[in-house]
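# Remarks on the overall topology
Residues per chain, in single letters:
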Amino acid sequence: MDFKTEFKPLTVQPQEIEGKSFEMITEELGEHPFTDEQYPVVQRVIHASADFELGRSMVFHPDAIQAGIAALRAGQSVIADVQMIQAGVSKDRIRGFGGDVHVHISDPDVMEEAKRLNTTRAIISTRKATQMYDGGIYAIGNAPTALLELIRLVKEGEAKPGLIIGMPVGFVSAAESKDELRKLDIPFITNIGRKGGSTIVVAALNAISLMAVKA
């Protein structure tokens, strides 16, 4: 392949590109506080974002990785706050264990109830999901209100997630919702601050599903 620039890529082979990227991430990140089972998640988050500050800001409940692997291998579903997560995650690996990826934010009943109560669809879709799934992985990358509602439901005993991956991005309540998540005594993966997003949550999910396949 002839690129019309003076710069030539090191390789155009997908696996070699990923492998070289991971080598560069490990070298540039240097010493870090993450365990061997946590590091693949951090590595893929940095790979997806090219943001070392975001990677270093990640926080894991001690049981998070094993809880995520166990949930997937038990055929539990992933419940996402937005369709971007559903589109980006490797659904074949999740479906291989009998689970699936669900998003309810655009369900007609959710939209109708949110309008009736004058609240966000993210809140109503979270309430709906917790009535349908026990032990699943909740993946929240866009809506702080979804994460805050899930935390409320956990505290009140109305939700029992197997794992919460909560890394919503934004300015209004994003950092604060993650602060609240870190106070829970159930498995979670999150980060400190405003950064995050659906692609970051997808990266974390894909890392865990790869570990589940290899476990």
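Residues numbered from 1 in each chain as written. Predicted model: local features only at pLDDT ≥ 70, side-chain atom pairs only at ≥ 80, totals over all residues. Heavy atoms only, no water.

Under an unreviewed UniProt entry, the name given to the chain is Precorrin-8X methylmutase, and the organism recorded is Paenibacillus amylolyticus. Taken from UniProt, the Pathway (unreviewed entry) comment for the chain reads in full: "Cofactor biosynthesis; adenosylcobalamin biosynthesis." For the chain, the Sequence similarities (unreviewed entry) comment in UniProt is given as "Belongs to the CobH/CbiC family." (UniProt positions renumbered as here; feature names shortened; annotations may be inferred.)

### What about unusual backbone geometry?
Where the residue is not glycine, phi is negative for most of them; where a peptide bond is considered, it is trans in most cases. Despite not being glycine, alanine 50 shows a phi value in the positive range, around 55°. With respect to the helices and strands, the residue alanine 50 is situated in the loop between helix H2 (39-49) and helix H3 (52-56). On the accessibility criterion, alanine 50 (66% relative accessible area) is exposed. Backbone geometry at serine 173 places phi at a positive 75°, although glycine is not the residue there. Here serine 173 lies in the loop between strand S5 (163-166) and helix H10 (174-181). (Helix = DSSP H or I, 4+ residues; strand = E, 2+ residues; numbered from the N terminus. Buried < 20%, exposed > 50% of the residue type's maximum accessible area, 1.4 Å probe, protein only.)

### Some points on the pairing of S5
Of the two faces of S5, the one lined by Leu163 and Ile165 and the one lined by Ile164 and Gly166 are each fully buried. As paired elements, strand S4 (residues 137-140) and S5 share four bridges and run parallel to each other. Following the sheet pairing, alanine 139 is matched in S5 by isoleucine 165. Note that the unit made of S4, helix H9 (residues 144-155) and S5 has a crossover that is right-handed. (Pairing = 2+ DSSP bridges. Right-handed = clockwise from strand over helix to strand, strands pointing away.)

### What to know about the environment of proline 40
Tracing the backbone through its elements, the reader meets proline 40 in helix H2. Since its relative accessible area comes to 25%, proline 40 is described here as partly exposed. With 168 residues separating them along the chain, proline 40 and isoleucine 208 place their C-alpha atoms 8.3 Å apart. The residues touching proline 40, leaving out its near neighbours within four places in the chain, are Ala207 and Met211. (Contact = heavy atoms within 4.5 Å.)

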